[in-house]
Amino acid sequence: PWWSELESLEHLSYSVAAAGFISMDHVFNAHGSNLAARRAIYERIGGYGEKAKIISGDDVFLLQDVANHGGKVVFINRQEGYVYSQPVDTIGEWVNQRARWSSKGFYYPPFLRILVVGTFAFYAIVIAAISLAFTGSVKPTTAVVFLMSKLISESAIMKLGTIRFDESISLKKYLLTQIVHPFAILYAGVRGQFFSFTWKGQKYSSNNKRK
């Protein structure tokens with residue numbers, strides 16, 4: 001589908017975030033399709049433990065527990081280690097998938113929980129500023145300041161990421177993603193925290209319990 005390249009760009013941003021946080025000894029996210037753990041430390045930390053009951057996030061919670069128990073988490077940035085995944089077929093599936101991912105946010109440790117909530121709050125402010133600028137409630141320059149702060153900060157991080165990952169980004173598609181992404185992520189985040197989502201044919205409530 002036409003949005004698959006935008007989804008690919010989004011996944012690149014997740015990998016950039018994962019690599020950056022791991023380099024600072026924090027596990028912010030993980031890709032379950034491309035992850036390995038030594039059996040010795042898996043057994044030492046007691047496997048998935050209490051986090052096993054959480055519907056989404058077993059991959060990132062496993063790595064967080066490894067790090068919390070003195071294990072070494074390493075991001076391997078080599079193309080021979082890449083794993084390719086198929087994009088979802090519909091926009092509805094994409095939103096549902098992101099809602100499932102966001103449903104685990106309040107199970108994060110305090111530092112990452114604050115970061116996630118802060119990011120969503122910032123996206124909400126950007127969207128509100130743009131909407132209010134159209135209605136004349138705030139000055140257009142206010143909306144431009146918030147939008148540019150998002151664009152400049154994320155562009156700097158993604159520029160570094162594309163160099164490290166040896167990837168290229170279409171400027172037109174990147175700018176389109178910058179506009180669409182905050183609206184989509186904010187909606188998916190609210191849905192994941194307060195409404196239901198489906199996974200593998202089953203429906204779950206926002207607190208990760210099967211309906």
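Residues numbered from 1 in each chain as written. Predicted model: local features only at pLDDT ≥ 70, side-chain atom pairs only at ≥ 80, totals over all residues. Heavy atoms only, no water.

Across the chain, pLDDT averages 86, with 97% of residues at or above 70. No element of the chain has a lower mean pLDDT than strand 2 (residues 202–204), which averages 82, and none a higher one than helix 6 (residues 140–165), which averages 91. (pLDDT = per-residue confidence, 0-100. Helix = DSSP H or I, 4+ residues; strand = E, 2+ residues; numbered from the N terminus.)

A word on a nonpolar patch on the surface. A grouping of W2, I91, L176, I179, V180 and F183 is seen on the molecular surface, where their side chains present a nonpolar patch of about 620 Å² in accessible area. With respect to the helices and strands, W2 occurs in the segment before helix 1 (4–23). (Patch = residues over 30% accessible without salt bridge, like charges linked within 9 Å, V, L, I, M, F, W, Y side chains within 5 Å. Areas by Shrake-Rupley, 256 points an atom, 1.4 Å probe, with all protein chains shown as cover. Salt bridge = Lys/Arg side-chain N within 4 Å of Asp/Glu carboxyl O.)

Below, the discussion takes up the pattern of salt bridges. Following the criterion strictly, the structure yields six salt bridges and no others. A salt bridge links E10 to R98, with the shortest nitrogen-to-oxygen separation between them at 2.7 Å. In this pair, E10 sits in helix 1 while R98 sits in helix 4 (residues 91–102), placing the two residues 88 residues apart along the sequence. Take E10 and R98: they sit in the same class, and that class is buried. In this structure, a network of salt bridges that share partners links the residues E7, E10 and R98. (Buried < 20%, exposed > 50% of the residue type's maximum accessible area, 1.4 Å probe, protein only.)

Another aspect to go through is the nonpolar core. Formed by 17 residues in total, the largest nonpolar core has its most connected members in V60, V73 and Y108. Those elements giving two or more residues to this core turn out to be helix 1, helix 3 (58–68) and helix 5 (110–135). When residues in this core are grouped by element, the largest group, five residues, is from helix 3. Excluding anything up to four places from it in sequence, V73 contacts I22, V27, L63, V66 and A67. If you look at the next biggest cluster of nonpolar residues, it comprises eight residues, including W3, Y14, V88 and A184. (Core = buried A, V, L, I, M, F, W, Y, C linked by side-chain atoms within 4.5 Å. Contact = heavy atoms within 4.5 Å.)

With that settled, the discussion passes to the packing of aromatic side chains. The final tally for this structure, using the stated rule, is seven aromatic pairs. Judged by centre distance (4.8 Å) and plane angle (25 degrees), the rings of F21 and F28 are stacked. For the pair shown, F21 and F28 are each scored as buried. Taken together, the ring pairs in this structure connect F21, F28, F61 and Y108 into an aromatic cluster. (Phe/Tyr/Trp six-rings, centres within 6.5 Å; stacked < 30°, edge-to-face > 60°.)

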